[in-house]
Amino acid sequence: MLTLLAKILKVLNSEASPWQIGWAIALGLFIGILPFGLLSLLIVLIVCLLTVNLSTFIVVWGLTEGLMLLFADPLERLTWQYAQNEQLLQLLANTETLQLLHLHHTLTLGAFLLGALLLLPVAWLAKVLVLQYRSRIMTSVQKWKIMQMLKASKLYALYEKMN
Amino acid sequence: MIIRKSGWLVFIVFFAALLALVYLLAGPAIRIGMVYSLEKAVGSEVNINKVGLELAPLALRINQLQITDAANPTHNSISFGHARASLELWPALLGYYVIDELTVDGLQYGAKRNEPGKVYRQPGTDGEKVDLAQLLQVDLPDADTLIARANLQTPAKAEALKQLAQDEQQQLQNLKSQLPSKDSLAQYQQQIKALTDSKITNAADLAAKAEQLQQLKDALNAEKAKVEQIKQQLSQSKTALQQAVNELKAASKADYANVQQLANLTEGGLAGISQILLGDLWAERISQLQSLYLLAKPYLPEQLPQASSSAAPEPVLPNRILPLPSQPYPDFWVKTARVNWLIGGGEATIALKDITAQHQLINSATRFTLDVKQLPQLAAFNLSGDFAILEQMVTNLNWQLEGLNLQPLSLGQGDTALDLAAGLLSSSGKLNLTNNQISQSANLVLNAANFNSSGNKYLQQLAGLLNQQQQIPLNISASGLISAPEVSIRSSLDKLLGDALLGEAKQKVAAYQSQLQAKLDSQLQTGLAGQQDWAAMLSQQDGEVADVSASIENMLNAKLADVKDQAKDKLKDKLLNKLGDG
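Residues numbered from 1 in each chain as written. Chains lettered and ligands numbered in written order. Predicted model: local features only at pLDDT ≥ 70, side-chain atom pairs only at ≥ 80, totals over all residues. Heavy atoms only, no water.

Topic: the pattern of salt bridges
Pairs can form between side chains of opposite charge whenever their charged atoms are close. Residues and elements named next belong to chain B. This model, assessed by the stated rule, comprises seven salt bridges over all chains. The salt bridge partner of Arg-113 is Glu-45, with a shortest N-O separation of 3.8 Å. With Arg-113 in the loop between strand S4 (97–109) and helix H3 (132–136) and Glu-45 in the loop between helix H1 (7–42) and strand S1 (46–54), the pair connects residues that are 68 residues apart, well separated along the chain. The partner of Glu-54 in a salt bridge is Arg-84, with the nearest N and O atoms 3.1 Å apart. Of the two residues, Glu-54 is situated in strand S1 and Arg-84 in strand S3 (residues 72–87); the sequence distance between them amounts to 30 residues. What makes Arg-84 partly exposed here is its relative accessible area of 23%. By sharing partners, the salt bridges in this structure join Glu-54, Arg-61 and Arg-84 into a single network. (Salt bridge = Lys/Arg side-chain N within 4 Å of Asp/Glu carboxyl O. Helix = DSSP H or I, 4+ residues; strand = E, 2+ residues; numbered from the N terminus. Buried < 20%, exposed > 50% of the residue type's maximum accessible area, 1.4 Å probe, protein only.)

And the structure:
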């Protein structure tokens, strides 16, 4: 848990741009709520190709997967209830690509729609929060003991070097 | 944000690592998942030796699966040596499980385990498998049980009659005290005599005596009315008692018919001995087929009529496929399956085709056949059937079993034990299950049966009778709701067996009938004969009162006439005296 917090703080305090962190959070959330499949691989590809902050993405992915243990069931039921639309079902039946992405599965469809809906607002909000953090809180956090310890560690030095 | 130059490389490394991970870990992961979910479902230890994944063609292989029998942990309920399922790739990418070929080798029921398995949950009574030995293991009903089963109405009606007779008698006793006694009638007569014998001196005296006589007459009339009322009450009482007696007679007759029916006394046998012995048991066994229906229920289309609105939550698959108007493949579809079954000291092969729950998509029903010949304990067994969920869920099953060598088994316990030392069982039949409605008919023939019994003389007699038979045939049919089917079991031996087995019951019934008749007679005697005495006495009293009343009337009229004559004579004398003086 402490390592996780340190990781987050490290990213927040690093030179990574707020947009990189914002998109990492939004895409991490997106992939986290999706059941693993072709769509997840596509998101991983996007993350690999764009300079999205990787460690933030992985941390948020892991956290969201954990949360989905609680929310998968209600989301599945909700999607089953609202997806009984003739036009939607017809579209899914006629488009093999959508089936390849498993969008004819309740949980995948529900998670995809929810993720797509949240993607932009979450990215923007995360960016704003990172900016706010850096301008207001960062200096005091830098003085925390944990940060001092972190900066003294070899891992941090390695990280700095890589960046 | 800009493009990461090494992005493709990172992705390829990630993807390759993922594939390697899946290849290496999928087998153990599936194994752990299967063991966990199977143990949760059956409540006992499940062992799987190895699960392997083959990539080209995509296939899953399971080695040595054993599911411990929770009721008998030293044995497995089901086990098999190898199973292999080859999956079609493209449907799998679309999320449909289309299995081209499924093979199961060395399937066994009830095989002995190397060491006893753990039991996590004791098995309930539901869902236990059909066991022929247990099926035939029944306690034969004795005479008292049969009489108890008949639910006799007579004792209750007899009790009611007794109560009614007592009540009526009490009422009549009360009324009796209100009747005019002989003394009071004699007093009335005396009073009238005194009045009529006395001389009338003048007109005022006449008027006073006439008044007194009228009062006496009124009093007598009131007594007469009382007698009338009692007579009426008696008549009502008679009717009520007669009705109760009729009811008692009807109940007795109905009871007798009922007991006759149960004991198969009537010609043709309304209910056979086999029905009494096996009826409830067969219904119970048939209802176990409901587990088949419940197993298929989560996959049934929503529009199909559901069996019951049970409170238990319906199981929901974690990521269901939406009901697409034209789905390319069923959610799961096993095109062909071959199961090698180790049975009765030999092998049998079950061939299945098109296993799915969405038969309308493949336009074909699931078909299965099982053909076994020349096993050490079985001459031949053929089972075939089909199963389809279309507008309704329909299952058809036909079977033909020949020469099943029955192992020695014991039916019943203690005094009612009947041992079957040897026998050959043959059976043929068919079964249709439409949603939760069952229709089944079967013929069972037991050949060369050798029974013996050291129990009571009736069972010894029964064993002797059965041993004399070349064949013991049973016709079993069941229909109705699968959870509570109506079962009819007939045998051409019913009459014979019924007479032998229920001899004691028949004697008891006869004894009960005569006892009942005696009781009935005594009830009638106390209830009705007593009433006749009352009626005679009341008639007599009524007559007496009427006589008294009539004689009063006469006396009264005579006296009045007499008084008038006396008055006339007095007037005459007065006139004659006046004329003489003049």
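Focus on the interface of chain A and chain B
Contact residues are listed per partner, giving 36 residues for chain A and 29 residues for chain B. Buried area between chain A and chain B, summed over both chains or domains, comes out near 3,100 Å², and the portion from carbon and sulfur atoms is 67%. Counting the contacts that link chain A with chain B gives one salt bridge. Between Glu-76 of chain A and Arg-320 of chain B there is a salt bridge, with its nearest N and O atoms 3.0 Å apart. Between chain A and chain B we count 13 residue pairs in polar contact (both at pLDDT 80 or more) in total. Elements with a contribution of two residues or more to the side of chain A that touches chain B: helix H2 (18–33), helix H3 (38–49), helix H4 (54–82), helix H5 (86–94), helix H6 (96–100) and helix H7 (106–136) of chain A. The greatest single-element share of the side of chain A that touches chain B, amounting to six residues, is contributed by H3 of chain A. Looking at the side of chain A that touches chain B residue by residue, the classes come out as 22 nonpolar, 11 polar and three charged. (Contact = heavy atoms within 4.5 Å. Buried area = accessible area lost by both parts, 1.4 Å probe. Polar contact = N/O pair within 3.5 Å; in protein donor to acceptor, adjacent residues only side chain to side chain. Nonpolar A, V, L, I, M, F, W, Y, C, P; charged D, E, K, R; others polar.)

Digging into the packing of aromatic side chains
Each aromatic ring pair is specified by the distance between its two centres and by the angle formed by the two planes. All told, the structure shown has six aromatic pairs over all chains when counted by the stated rule. Centroid distance Phe-30 of chain A to Phe-112 of chain A: 5.8 Å. Interplanar angle 40°. Geometry classified as tilted. Of the two residues, Phe-30 of chain A is situated in helix H2 and Phe-112 of chain A in helix H7; the sequence distance between them amounts to 82 residues. Under the relative-accessibility criterion, Phe-112 of chain A is labelled partly exposed at 26%. Note that Arg-320 of chain B overlies the ring of Trp-80 of chain A, its terminal NZ or CZ placed 4.1 Å from the centroid. (Phe/Tyr/Trp six-rings, centres within 6.5 Å; stacked < 30°, edge-to-face > 60°. Lys NZ or Arg CZ within 6 Å of the ring centre and 35° of its normal.)

What about the pairing of strand S8 (residues 378–389) of chain B?
All names here are of chain B. Bridge count between strand S7 (residues 366–375) and S8: nine bridges; the pairing is antiparallel. Looking across to S8, one finds that Lys-373 is bridged to Ala-380. Taken together, S7 and the strand that follows it, S8, pair antiparallel across an intervening segment of two residues. The sheet contact formed by S8 and strand S9 (residues 393–405) spans 11 bridges and is antiparallel. When the bridges of S9 are listed, Leu-378 appears paired with Leu-404. A loop of three residues connects S8 with S9, the two strands running antiparallel in sequence. (Pairing = 2+ DSSP bridges.)

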